[in-house]
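Structural description and commentary
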Amino acid sequence: MPLLHTLLTTFLAAAASTTTALAASTTNTFPSTLNITTLTAHNNQSVLECWALDPGYSTSAQAGVSGTAMLNLGSVTNNATNLLIPGEYDGGRHNAPTNQWVIFLSGVAHITLPNSTDDAWIVGGKNGAILALDTAEVSALGHYTTYPTEESTVVLEIALKEIPGHRVLHSGACGEGELL
Ligand SMILES: *[C@@H]1O[C@H](CO)[C@@H](O)[C@H](O)[C@H]1NC(C)=O
Ligand SMILES: *[C@@H]1O[C@H](CO)[C@@H](O)[C@H](O)[C@H]1NC(C)=O
Ligand SMILES: *[C@@H]1O[C@H](CO)[C@@H](O)[C@H](O)[C@H]1NC(C)=O
Ligand SMILES: *[C@@H]1O[C@H](CO)[C@@H](O)[C@H](O)[C@H]1NC(C)=O
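Conventions adopted
Residues numbered from 1 in each chain as written. Chains lettered and ligands numbered in written order. Predicted model: local features only at pLDDT ≥ 70, side-chain atom pairs only at ≥ 80, totals over all residues. Helix = DSSP H or I, 4+ residues; strand = E, 2+ residues; numbered from the N terminus. Buried ≥ 20, exposed ≤ 12 C-beta atoms within 10 Å, placed from the backbone. Contact = placed C-beta atoms within 7 Å. Pairing = 2+ DSSP bridges. Axes fitted to C-alpha atoms, helices over the stretch in contact; angles between N-to-C directions. pLDDT = per-residue confidence, 0-100.

Brief notes about the overall build of the protein
Across its full length, the protein holds 1 helix and 13 strands. From first element to last, N terminus to C terminus, the protein shows the α and β order α-β-β-β-β-β-β-β-β-β-β-β-β-β. Here the protein, with 180 residues, has 26% of them falling under the buried criterion. Restricting the contact set of the protein to residue pairs at least 6 apart, pairs at least 24 apart contribute 79%.

Observations regarding the sheet that holds strand β11 (residues 143-147)
Spatially, the 4 strands line up as an open sheet ordered β6-β11-β8-β9, and their pairing is antiparallel. Two strands close off the open sheet at either side, each with one partner strand: β6 (89-94) and β9 (116-123). Here the average twist between neighbouring strands, direction ignored, is 15°. As paired elements, β6 and β11 share 4 bridges and run antiparallel to each other. When the bridges of β11 are listed, His94 appears paired with His143.

Details of the pairing of β11
Only one face of β11 is covered, namely the one carrying His143, Thr145 and Tyr147; the face carrying Tyr144 and Thr146 has none of its residues buried. When strand β8 (residues 108-113) meets β11, the two strands line up antiparallel, connected through 3 bridges. Within β11, the residue paired with Ile111 across the bridge is Thr145.

Some remarks on the pairing of strand β10 (residues 129-132)
Note: strand β1 (residues 35-42) against β10, 2 bridges, orientation parallel. If you follow Thr38 over to β10, its bridge partner there is Leu131. In terms of strand pairing, strand β7 (residues 100-104) meets β10 through 4 bridges, oriented antiparallel. Residue pairing in the sheet places Ile103 in a bridge with Ala129 of β10.

Points about the sheet that holds strand β2 (residues 45-53)
The strands making up a sheet are joined through hydrogen bonds of the backbone, oriented either antiparallel or parallel. Here 7 strands make up an open sheet; going across it, the order is β5-β12-β7-β10-β1-β2-β13 and the pairing mixed. Pairing within the sheet leaves two strands with one partner each, and these edge strands are β5 (81-85) and β13 (166-171). Ignoring which end each strand starts from, the neighbouring axes of this sheet average 30° apart.

Focus on the confidence of the model for the protein
Of the residues in the protein, 84% have a pLDDT of 70 or more, and the chain-wide mean is 89. Predicted confidence for residues 6-27 stays below pLDDT 50, and this span has 13 contacts to residues more than four positions away or in other chains.

See below:
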């Protein structure tokens, strides 16, 4: 059962990183920035990359969260959308409708590509945000998304006015050690 094994590994890693985050918050340190799995395109083909948002975290002076870590997610536009996707749903092959944040709050999404063996497992929760930028203008075939577990997936889609500042860390999805 390679799928179950992969999922179990993912969940165990997520549990381990939660412990790390709790430890970090008690010592009042925070990561330099957020790393985001990004669906972008090169040469008319969708690819996965791991991007480090730039600028990274700074210390907030906002009332209510003063002294905590704050990071800008860029300028947004249009209407935000909430989606409820049932378990075991196959989204098929598609392009991003527009440049957008796709924030998975629950469930598990599996993203694969027509022209690459790279894939991404996105587990809903604190590491559930990805950038989907492979619109039909830049990618002929887009990507595939399936929701292979029984759990339903809650998603927020937030259209972007412009692509957030970033550094490309590497091709392929971000790994466990690069996430919160
Ligand atoms: C945003 O939502 C409003 C209210 O439903 C709608 O009238 C408008 O057309 C939507 N805008 C876009 C660009 O979809
Ligand atoms: C990309 O994938 C499609 C669908 O599998 C295939 O038809 C096409 O030849 C591939 N393109 C390249 C450049 O490999
Ligand atoms: C991308 O591929 C599509 C389908 O083959 C083609 O119509 C389009 O012109 C290509 N776009 C670019 C920028 O090469
Ligand atoms: C994101 O990547 C940068 C550069 O590799 C690293 O310093 C940072 O700790 C990472 N962020 C998280 C939340 O792991």
